[in-house]
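# What the coordinates show
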Amino acid sequence: MTQDEMKQAVAQAAIAYVVEGEIVGVGTGSTANFFIDALATIKHRIKGAVASSEATATRLRGHGITVFDLNDIVSMPVYVDGADEITAEGAMIKGGGAALTREKIVASVAERFICIADGSKLVTRLGAFPLPVEVIPMGHAVVARKIAALGGTPRLRMKDGAPLITDNGCMIIDVPGLQIADPASLEQQINDIVGVVSVGLFARKGADVCLLGMAEGVRTLEF
């Protein structure tokens, strides 16, 4: 199976976790896009969705799926999203699509987080993928210096020659070079830095289930 075929397989498998008649939280990125396409085939069986980014909302609406404002939602059964890395304990690095803060907020409202990813995303230790950190623009240099003191090599994420601006009007610092032995502790440590909006570590509240696309089919991990 190709990587895209693995993503399609886990996206389709995630449909089994969607609760009929309810709202589903939907993440951002290439694997989440495959899930949105699969979700469109059962849109008549759900109330609608909450999107973790403007791009996801646009794709959902394009399929005729009603998009709800999270502020109007008290709870939802599931949130489905991809990961840039995930461990066997369910801790993740997310944020390659620059939607980490909204992803974390939507995930916090869901009863279960269903991670969908191709098998290459399963790692024994987080950190090979640069850790994204969303920051307030006026403080990005201050935050970068404090993160550098933790052992990483922070760099401002750029797009078309200028700093990338998130849906929240913020910037992203990517941090390669970290060896993350204690993801939950580092998540708290970086979140405590003044100027940080959110860090792309999902460890204090990680995935509940991970559907991994493997050459031999979909592997299910429960945490």
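This write-up is about the structure you can find in this document.

Rules used in this analysis
Residues numbered from 1 in each chain as written. Predicted model: local features only at pLDDT ≥ 70, side-chain atom pairs only at ≥ 80, totals over all residues. Heavy atoms only, no water. Helix = DSSP H or I, 4+ residues; strand = E, 2+ residues; numbered from the N terminus. Rg over C-alpha atoms; globule rule 2.2 N^0.38 Å. Buried < 20%, exposed > 50% of the residue type's maximum accessible area, 1.4 Å probe, protein only. Contact = heavy atoms within 4.5 Å. Areas by Shrake-Rupley, 256 points an atom, 1.4 Å probe, with all protein chains shown as cover. Lys, Arg positive; Asp, Glu negative; His and termini not counted. Charge placed at Lys NZ, Arg CZ, Asp CG, Glu CD. Pairing = 2+ DSSP bridges. Core = buried A, V, L, I, M, F, W, Y, C linked by side-chain atoms within 4.5 Å. Axes fitted to C-alpha atoms, helices over the stretch in contact; angles between N-to-C directions. Phe/Tyr/Trp six-rings, centres within 6.5 Å; stacked < 30°, edge-to-face > 60°. Lys NZ or Arg CZ within 6 Å of the ring centre and 35° of its normal.

Let us now look at the overall build of the protein. Along the backbone of the protein there are six helices and 15 strands. Relative to the compact-globule value of 17 Å for 223 residues, the protein shows a C-alpha radius of gyration of 17 Å, a close match. Seen through its principal axes, the protein has C-alpha atoms that stretch 50 × 35 × 35 Å. The proportion of buried residues among the 223 residues of the protein is 52%. For the protein, the share of sequence-separated contacts (at least 6 apart) that also reach a separation of at least 24 residues comes to 72%. Carbon and sulfur atoms make up 50% of the accessible area of the protein, which totals about 9900 Å². In the protein, which carries 20 positive and 25 negative side-chain charges, the distance between the mean positions of the two groups comes to 3 Å.

The next point concerns the sheet that holds strand 4 (residues 85-86). Adjacent strands of a sheet pair through backbone hydrogen bonds, lying either parallel or antiparallel. The strand order 4-5-13 describes an open sheet built from three strands, whose pairing is antiparallel. The sheet is open, and its two borders are formed by strand 4 and strand 13 (201-202), each paired with just one other strand. One ladder, built from two bridges, connects strand 4 with strand 5 (residues 92-93); its direction is antiparallel. Across the sheet, residue Glu 85 finds its bridge partner in strand 5, namely Ile 93.

Position of Val 18 relative to the elements: it lies in the loop between helix 1 (3-14) and strand 1 (23-26). Counting along the chain gives 119 residues from Val 18 to Pro 137, while the straight-line C-alpha distance between them is 37 Å.

Counting 26 residues, the largest nonpolar core has Val 24, Val 26, Phe 35, Leu 39, Leu 60 and Val 80 as the members making the most contacts within it. Going through the elements one at a time, helix 1, strand 1, helix 2 (30-39), strand 2 (48-51), helix 3 (54-62), strand 3 (76-81), strand 6 (110-118) and strand 14 (209-214) are the ones with two or more residues in this core. Broken down by element, this core gets its largest block of residues, five residues, from helix 2. In this structure, Leu 70, Ala 110, Phe 202 and Leu 212 belong to the second largest nonpolar core, which totals 22 residues.

Taken together, four strands build an open sheet; the order of strands is 8-11-7-12 and the sheet is antiparallel. Edge positions in the sheet fall to strand 8 (155-156) and strand 12 (196-199), since each has one partner strand and no second. Both strand 8 and strand 11 (residues 171-175) contribute to a ladder of two bridges, which runs antiparallel. Directly across from Arg 155, in strand 11, lies its bridge partner Asp 174. Along the sheet face, helix 4 (residues 100-109) touches strand 7 (131-135), strand 11 and strand 12 and points at about 70 degrees away from the line of strand 12. Across the sheet, helix 6 (residues 183-191) touches strand 7 and strand 12, and the angle it forms with strand 12 is around 165 degrees.

This model, assessed by the stated rule, comprises two aromatic pairs. Through successive ring pairs, a cluster of aromatic residues spans Tyr 79, Phe 113 and Phe 202. When the ring centre of Phe 202 is taken as origin, the NZ or CZ atom of Lys 94, which lies over that ring, is 5.6 Å away. The residue whose ring lies beneath Lys 104 is Phe 202, and the NZ or CZ to ring-centre distance is 4.8 Å.

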